[in-house]
Amino acid sequence: MIKIKQINIYQFGRFTGRSIQLPAAPFLIVYGPNEAGKSTLTAFIKYMLFGFPPKAKLDAFVRNRDINGVGGSLHIESETFGGLKLERFLNESGMPKVYDNTGSDNGSHQLNQLFYGLDLPAFEAIFCFDLDGLKELEKIGAKEMNQLLFSAGMTGNSRIMRLEQMLDKKLQALFKPSGRKPVINQTITELDHLKGQLKDWDKKLNDYHDINEKIQQAEREIADILEKKREIENTYHQLAQFSSLKPLMIKYNSLHEEEKQLPDINFPDQGIERLEKWQAQIVVLEGEKAEISKRIEQISLAVRQLNIDRKWLDNERNLLHLINKAPYCESLRQNIDMTKEKILYEANLLDNLINKLGGGWTKEAVCAADIGIESKDHLKQLLNEREKAMHHRDRLEQALSDSMAKTERFQEQIAQSKQYVLDEAERSRIEEQLEASKNRDMLEKEKSWLEAKIQSIHRERRQKSQLKKLSIIIPGSCLVLSVFIAFLQFYSHHPISGFISGAFGVILSLGAKLAIQKTADKTSGESDETEADQRLKTINEILLARPQGELYEYQTLLNKDEEARASIASANQRLEDEKKYYGHLIQQLDNVSLSIETNTERLREWMVRHSFLETPVSLIEEVYQYVEEAKTHVIQQQQLEKQLNGHKQKIDAFEREKYQLAEQLQAENDSLWHLEQRLNKEKEKHQRYLQFKHQLQGLIEQEEALNEKMSRYQTECERLFKAAQVNDEEAFRKKAKKYERKKQIQSEMLEVKRQMEQIEPNRASLQQCHLWLREDRFKGVTKESLKKQIEELEQRLETCRKQSLKWQSERSQLEENQSYAQLKHQMEAKRSFLNEKARQWAVYQTARGLLNKAKEEYRERKLPAVLAQASEYFSKMTGYRYRAILMSDEEGLVAENYAGQSFYVKELSRGTQEQLYVSIRLALASVFESAESFPIIIDDSFVNFDNDRSGQAMAVLSEVSKRHQVILMTCHKEYKNQSDAAWISLADVEHQNIDSVMNEKGVVSCMI
């Protein structure tokens, strides 16, 4: 059985973020008022199982046409695959994701195995229906029932239905007995039309052959005329081509002869231009050289006029050093005042510390004291040892005090315990008395038991006395109460009731008295009490011979003696141990005191060794800190004094250096500002000198470069003369003129040749024209004569063509736009096409017949089982008013009652019709062939059932739920009392406070 366990709606219709946990019961009733979402929930389950329909059918379930997030999941329980989670999203093309219990995605393969070939149309036709779906069964007949049975009984029915639809479509597209559009019908019509055209053609064949012969003779004559015309036109074109090329060919031949007359000349390429170029460059360079020479003289004069004092430039570094050092010396002068104040401050601090030390401490004593790391570590070590020894001594003194207190307690305990110790003679006498009294214990136990028994007998005697009193009070009370009730009933004119009440009271009183009397008789007699009293008296006489109190006292004394002896032994042992421990503590205390005295001597030795004045041991650490701080101030004061002396020495050295430099430079004023100004002037002179020198060097280099260029250009001119094999410029220019003329002839020849190639690009044709010029081929031939011959041939050609067109027109009229061969070809092609389509139609018709035969055989085998099961359901729903449902080929479904009367569906009431259709649906679901049974979903299909029929329908659904999970959507609250069905309210799902959980798609999922 396939069961839906949980419904998770991420977004669908009115639901957003809803998760419905279905109960484990197989029969579920989902309640909700109108517009609560029952139909939406039904559609969601169908689309999750079998996929979303086209988006046009989803407008009612998609808000604002936003398909993002539309979808959800179902948790399914299957006997074959166990727990599965089926998830679909509309924006992912509705493709399913199937997860098993481990969370693995198994794809749609497992889903196909689970649904066993079932698709959405078959599921809606069998397992999922509403009131509209039941109305569709009104039109059901044998064919429709056959289709339903085929859907319910065969795996892969959707593929078979598609095959059936495809076969019908193919057959109708090929042939219809009374149709005109199918392919075979059209082909037969076209063949009949072609046969009529071929009969008309047989009559026209004789005239057609004569006209063809005339047309062929005219075409041969036209071909001869065209051939002659082409020859003359070719001659005309050759003449025209020759005439256009003839002047150019004559000019080319003339230039060629002139070129042959000129000898070969060796002359450099562009010799004149190059010579003139070099000569022009030489002239320009000579002008530039003259300008540079003039500039060199001017700069040399300016350099001689500069008067530079080299002493200032040589001492520039020293002077700059003093200038840079001046701010530092000024800062030193300021630091001298600050340093003096710091020295005074450190002296005051040192005096305060020496006053605190007192006892003869001076600055010299502080300086003499050794406060190095080694001495400090040694002092810390001695002080730590002293502190540890003092603490150890305190602990030992406390331990000695505690030990003395324990010793006193142990001695006091021994003295107290000795009071309870017996001497040996008394102890022996008591032990003998106790041994003799051991048998008395048994008598004491027996005495206790007898006393308890006598008390029990007395208690039973008192109970018996009370029962006797109750045997009178209770029956009497019941009798008085019944008489009073009887009197009241007699008084209220109910004598019979009064008599019955009185009789009942008498019987009740007698019964109570007998019951109490029987209980009182069960108590034991007085004989047991007499025997117990006698035995107790005997035991008392035995025990009185030796008082029990005396024996108890002996035992107490003996116990105290034993306890005292044990306590004394334990206390003596502990006292001995404590004395030993006390002696050990005394020895340790002596050792610690000795170590303290030794430490004190070592501290005095330390003070002497490190030049400290005599100081109490308790104050030595504080004195050390003061000395250490004072010595720090002494060192700081000394460093400041040293720093002050250093500043003064640096300032004196600076002043001496400045005075010496001023004397060396012979400066009138030794002020640094005046020295710096004079240095800047000398540096400016030197800078101008360097600039002049740099310019002069550049001009000299330019002059040398110009000389080099002029020499190179002169060399180039000489190379041109050598290349032309001449010695001077005049001979070079004469030879250049001859060279230019030959080049001109060659250029003209190239231009003439280019013009000829433009007129006739074909080289072979151009050579042919040269040959015609040499042979003088077109002598006496003119263009006018050739044109006249062409015109005569065109007139003859026009006459022949007109006659040929006339005969062709007559032939075309005979052919009527189609030849006999074409008609024959079309006739054969149509026959072949008709044979092929007829073969295809026969194949499809055979397959369709076999499929119909298979469906009919399946219906004959399955229909009795469906009708039998439906009859059983229908009989139960109608309270056994009807006994069977039959199928008529003409009228469809027929209901038969137990009287043998038959009723067509239209003769039944609306409610009974719907009950019949529900029975058919449930029966179809029961015969559906699959590995597991599918859920049945009913959407409010019982609205026209009365109360009795509704209850009977619920009983049928309860029976069906043993094999299928049944989910009934309803708006009727009275179904809530159905005992064997689980109840779910959509209102609770809509309004209940729920916890929200965000799933992996970002949709809020709410758990009920």
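Nothing here was measured: the structure is a model prediction, and the numbers come from that model.

Draft legend 1. Just the UniProt feature "coiled-coil region" (unreviewed entry) in the protein, in detail. Per the UniProt record, the feature "coiled-coil region" (unreviewed entry) sits at residues 184-235, 379-413, 637-723 and 783-817. Each end of residues 379-413 is marked by a C-alpha atom, and these two atoms are 51 Å apart; helix forms 100% of the span and strand 0%.

Draft legend 2. Examining the sheet that holds strand β12 (residues 966-970) more closely. Strand order in the open sheet formed by five strands is β7-β11-β12-β3-β13, and the pairing between neighbours is parallel. Two strands close off the open sheet at either side, each with one partner strand: β7 (128-130) and β13 (982-985). On average, each strand axis in the sheet is tilted by 15 degrees relative to the strand beside it, whichever way the strands run.

Draft legend 3. How the structure looks around the nonpolar core. Counting 87 residues, the largest nonpolar core has I7, F12 and L41 as its most contacted members. Element by element, the count of residues in this core is highest for helix α24 (residues 910-927), at nine residues. In this structure F12 touches T40, A43, F44, Y47, F52, L58, F61 and V70, once residues within four positions along its chain are discounted.

Draft legend 4. Focus on the packing of aromatic side chains. Applying the stated criterion to the full structure yields 18 aromatic pairs. Aromatic side chains Y47 and F52 sit 6.3 Å apart centroid to centroid with 50 degrees between the ring planes, which places their arrangement in the tilted category. For the pair Y47 and F52, a shared accessibility class is recorded, and that class is buried. Here a set of aromatic residues connected by ring pairs shows up, and it is made of F12, F44, Y47, F52 and F61.

Draft legend 5. Expanded view of unusual backbone geometry. Although it is not a glycine, S611 adopts a positive phi angle of roughly 65 degrees. Counting through the fold element by element, S611 comes out in the loop between α17 (548-609) and α18 (620-665). A relative accessible area of 37% places S611 in the partly exposed class. In this model, Y880 sits at a positive phi of 60 degrees, which is unusual for a non-glycine residue.

Draft legend 6. Region of the structure containing the pairing of strand β4 (residues 71-78). Most of β4 sits out of view: six of its eight residues are buried. As judged from the seven bridges shared by strand β1 (residues 3-12) and β4, these two strands associate in the antiparallel manner. If you follow Q6 over to β4, its bridge partner there is H75. Examined bridge by bridge, β4 and strand β5 (residues 82-89) share eight bridges and lie antiparallel to one another. Directly across from H75, in β5, lies its bridge partner K85. Counting the residues that bridge the hairpin from β4 to β5 gives three residues.

Draft legend 7. Molecular detail of the sheet that holds strand β8 (residues 882-888). Judged by pairing direction, the sheet is antiparallel, and its three strands sit side by side in the order β8-β9-β10 without closing on themselves. Each of the sheet's edge strands pairs with one partner strand only, and the pair in question is β8 and β10 (902-904). Strand-to-strand twist in this sheet, taken as the mean axis angle between neighbours without regard to direction, amounts to 30 degrees. Of the strand pairs in this sheet, β8 and strand β9 (residues 892-897) are connected by six bridges, and their pairing is antiparallel. Within β9, the position partnered with M887 by the bridge is L893.

Draft legend 8. Spatial organisation of the packing of α24 against helix α25 (residues 947-960). Packing of α24 against α25 brings their axes to within 12 Å, and their N-to-C directions diverge by 0 degrees. Comparing the axis directions of α24 and α25 gives the class roughly parallel. Contact residues: T912, Q915 and L922 in α24; R949, V956, L957 and V960 in α25. Within the contact of α24 with α25, the residues separate by chemical class into four nonpolar, two polar and one charged.

What counts, and where the lines are drawn
- Residues numbered from 1 in each chain as written.
- Predicted model: local features only at pLDDT ≥ 70, side-chain atom pairs only at ≥ 80, totals over all residues.
- Heavy atoms only, no water.
- UniProt positions renumbered as here; feature names shortened; annotations may be inferred.
- Helix = DSSP H or I, 4+ residues; strand = E, 2+ residues; numbered from the N terminus.
- Pairing = 2+ DSSP bridges.
- Axes fitted to C-alpha atoms, helices over the stretch in contact; angles between N-to-C directions.
- Core = buried A, V, L, I, M, F, W, Y, C linked by side-chain atoms within 4.5 Å.
- Buried < 20%, exposed > 50% of the residue type's maximum accessible area, 1.4 Å probe, protein only.
- Contact = heavy atoms within 4.5 Å.
- Phe/Tyr/Trp six-rings, centres within 6.5 Å; stacked < 30°, edge-to-face > 60°.
- Parallel < 35°, antiparallel > 145°, perpendicular 65-115°, else oblique.
- Nonpolar A, V, L, I, M, F, W, Y, C, P; charged D, E, K, R; others polar.

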